[in-house]
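For reference, the chains in residue letters:
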Amino acid sequence: MRFDANGLEILDREECLTLMASVPVGRIVFTDRALPAIQPVNFVLQGEDVIIATASGSKLAAATSGAIVAFEVDAFDAGDEAGWSVTVLGQARAVYDSGELSGLSRLPLNPWIPGRRDHFIRIRSDVVSGRRIHPTMVEARP
């Protein structure tokens, strides 16, 4: 195991992707009218790419087409003061290819918000990083 200067375990790419696949909701960070914006979204992984479904014409769809974005997922147990966080950086692109759309529409992507979500965004996972805090780390505090 490797640790950073704060004592957090540094997760390798494979562990990060495994942890990401274990949760249904993440946060996409993008630019909206020249300002940073963060939006929670349901997602799935397809290989190492993050797949999001949104409504055509949505602010998210418009803002992410071709943009470099950050995507973050995490899980924490407040009682144990333990958890992990994973961040992906990469280019987001709208999916228009009919064959690719057909495959994406069969993914187990289940948005929590009602309404039509027929616009898919694929985020390439160019940079993947993650950290984990263990309960034993908390016990070691002065």
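Residues numbered from 1 in each chain as written. Predicted model: local features only at pLDDT ≥ 70, side-chain atom pairs only at ≥ 80, totals over all residues. Heavy atoms only, no water.

### Observations regarding the layout of surface pockets
Gaps left between atoms are located by rolling a probe of water-molecule size over the structure's atoms. Of the volumes computed, that of the largest pocket is approximately 230 Å³. In this structure, the largest pocket is lined by 15 residues; those nearest its centre are Pro 40, Val 41, Asn 42, Ile 113 and Arg 117. Looking at the lining of the largest pocket, the elements with two or more residues in it are strand E4 (35-42) and strand E6 (49-54). Of the residues assigned to the lining of the largest pocket, the class counts are ten nonpolar, four polar and one charged. (1 Å grid on protein atoms, 1.4 Å probe; cavity = no way out; pocket = protein on both sides within 12 Å on 5 of 7 lines; lining within 4 Å. Points joined across faces, edges and corners; volume = space filled by probe spheres on them. Helix = DSSP H or I, 4+ residues; strand = E, 2+ residues; numbered from the N terminus. Nonpolar A, V, L, I, M, F, W, Y, C, P; charged D, E, K, R; others polar.)

### Describing the pairing of strand E7 (residues 68-77)
As defined by bridge partners, strand E3 (residues 25-32) adjoins E7 across three bridges and the pair is classed as antiparallel. Looking at E7, one finds that Arg 27 is bridged to Glu 72. Hairpin connection between E7 and strand E8 (residues 82-94): a loop of four residues separates the two successive antiparallel strands, and Glu 81 in this loop has a positive phi of roughly 50°. (Pairing = 2+ DSSP bridges.)

### Description of unusual backbone geometry
With a phi close to 70°, Ala 34 is a non-glycine residue in the positive phi region. For Ala 34, the position within the fold is in the loop between E3 and E4. Despite not being glycine, Glu 81 shows a phi value in the positive range, around 50°. With respect to the element layout, Glu 81 can be found in the loop between E7 and E8.

### Structural notes on the pairing of E8
Summarising the sheet, E7 and E8 pair through ten bridges and their orientation is antiparallel. Bridge pairing links Val 73 to Val 86 in E8. Sheet analysis places E8 next to strand E10 (residues 127-133), joined by seven bridges and oriented antiparallel. Residue Thr 87 lies in a different strand from E10, and its bridge partner there is Ser 129.

### Side note on the pattern of salt bridges
In this structure the tally under the stated criterion is eleven salt bridges. Two residues, Glu 15 and Arg 132, come together in a salt bridge whose shortest N-O distance is 2.9 Å. With Glu 15 in helix H1 (residues 13-20) and Arg 132 in strand E10, the pair connects residues that are 117 residues apart, well separated along the chain. Taking the relative accessible area as the measure of exposure, Glu 15 reaches 28% and is therefore partly exposed. Residue Arg 124 pairs with Asp 126 through a salt bridge whose shortest N-O separation is 2.7 Å. For Asp 126, a relative accessible area of 40% translates into the label partly exposed. Within this structure, Asp 49, Arg 93, Glu 100 and Arg 122 form a network of salt bridges that share partners. (Salt bridge = Lys/Arg side-chain N within 4 Å of Asp/Glu carboxyl O. Buried < 20%, exposed > 50% of the residue type's maximum accessible area, 1.4 Å probe, protein only.)

### Some thoughts on the environment of Ser 102
Tracing the sequence through the fold places Ser 102 in helix H3 (residues 98-104). In this structure the C-alpha to C-alpha distance between Ser 102 and Ala 70, which are 32 residues apart in sequence, comes to 26 Å.

### Concerning the confidence of the model for the chain
The predicted model of the chain averages 87 in pLDDT, with 92% of residues at 70 or higher. When mean pLDDT is taken per element in the chain, H1 scores highest with 97 and helix H4 (residues 135-139) scores lowest with 60. (pLDDT = per-residue confidence, 0-100.)

### Side note on H1
Those residues of H1 not exposed but buried are Cys 16, Leu 17, Leu 19 and Met 20. For H1, the angular spread of buried residues about the axis comes to 160°, placing them on one side. Against strand E2 (9-11), strand E5 (44-46), E6, E7, E8 and E10 lie the buried residues of H1. Among the residues of H1, the N-terminal cap falls to Asp 12, whose side-chain oxygen and the backbone nitrogen of Glu 14 are separated by 3.3 Å. (Arc of directions from axis to C-beta. Contact = heavy atoms within 4.5 Å. Polar contact = N/O pair within 3.5 Å; in protein donor to acceptor, adjacent residues only side chain to side chain.)

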